[in-house]
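These are the residues of each chain, in order.
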Amino acid sequence: GIIPATVSKAYASPWQIQQLLGTLQWYNLLARLKLSVYDSVYAFVELQPLKAERFISHSVRDELLMSVVLGVYWLTDLRRPFLPMVCASDASTEFGFGASVAKVRLEIARQIGRLAEKRGDYVVLDGSSADYSGRMGQPHALSLDKTDFIHLFSCGKKWSAHINYLEGVAFIRSSGHVPP
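Just so we're clear, the structure is a prediction, and the values are computed from it rather than from any experiment. (Residues numbered from 1 in each chain as written. Predicted model: local features only at pLDDT ≥ 70, side-chain atom pairs only at ≥ 80, totals over all residues. Heavy atoms only, no water.)

Draft legend 1. Region of interest: the packing of aromatic side chains. Tallying each qualifying case throughout the model produces 6 aromatic pairs. Geometrically, the ring pair formed by Trp26 and Tyr27 is edge-to-face, given 5.1 Å between the ring centres and 85° between the ring planes. Classification of Trp26 by relative accessible area gives partly exposed; the value is 38%. Taking NZ or CZ as reference, Lys51 lies 4.5 Å from the ring centre of Trp15, over its face. (Phe/Tyr/Trp six-rings, centres within 6.5 Å; stacked < 30°, edge-to-face > 60°. Buried < 20%, exposed > 50% of the residue type's maximum accessible area, 1.4 Å probe, protein only. Lys NZ or Arg CZ within 6 Å of the ring centre and 35° of its normal.)

What follows is the structure in structure tokens.
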């Protein structure tokens, strides 16, 4: 496969690793905590110039291989029924993380579930008139107000971690707090 072939090489460009990472991240969205595997890889793909080959450190190789080893968690049953709710979780490397939930009609939940993250589409929950023109992807506005949401939890920053890890923790914790 392409991942063992890439990590068996001593050199690769940040651009080459970024292409591989993009594919892995798309699958990792099915199991968001898997995004926390990457740390050295994120630093590597930010190196400049992007197309200049450089030594691939052992930590970059290990993280890419770990992502594949954890690939068993990519298995997701997309036929499961939708719940009539929207759960919003978010995180910040400076402040911590939290989550809220709102009840919605089942059709709305299905509509949100069909949005393809790969295209960069995103949901605007507060119905604000903010300017999103600088953001990649298509916004999908929901007619929900902040008052429609029930606060589940918020946790102040207790440790430093990559933003994807913190968002994954917020997401996992929110699933345990969703009201019946």
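Draft legend 2. Highlighting the sheet that holds strand 3 (residues 85-92). The sheet built from 3 strands is open, its strands ordered 3-4-7 with antiparallel pairing. On the outer flanks of this sheet lie strand 3 and strand 7 (150-156), each paired with one strand and no other. Pairwise comparison of adjacent strand axes, ignoring direction, gives a mean angle of 10° for this sheet. The pairing of strand 4 (residues 96-103) with strand 7 spans 6 bridges and is antiparallel. Its bridge partner lying in strand 7, Ala99 is registered against Phe153. (Pairing = 2+ DSSP bridges. Helix = DSSP H or I, 4+ residues; strand = E, 2+ residues; numbered from the N terminus. Axes fitted to C-alpha atoms, helices over the stretch in contact; angles between N-to-C directions.)

Draft legend 3. Structural view of the environment of Lys9. Looking at the element boundaries, Lys9 is found in the loop between helix 1 (2-7) and strand 1 (11-12). The spatial distance from the C-alpha of Lys9 to the C-alpha of Ser40 is 17 Å, given a sequence separation of 31 residues. Ignoring sequence-local partners within four residues, the contact set of Lys9 consists of Gln16, Ile56 and Arg61. (Contact = heavy atoms within 4.5 Å.)

Draft legend 4. Highlighting helix 4 (residues 58-69). If you check helix 4, its first and last C-alpha atoms are 16 Å apart, about what 12 residues at 1.5 Å a residue would give, namely 16 Å. What helix 4 keeps buried is the set Val60, Arg61, Glu63, Leu64 and Ser67. End-on, the buried residues of helix 4 take up no more than an arc of 165°, which puts them together on one face. Within helix 4, the exposed residues directed more than 90 degrees away from the buried face are His58 and Val69. (Expected span 1.5 Å × (residues − 1). Arc of directions from axis to C-beta.)

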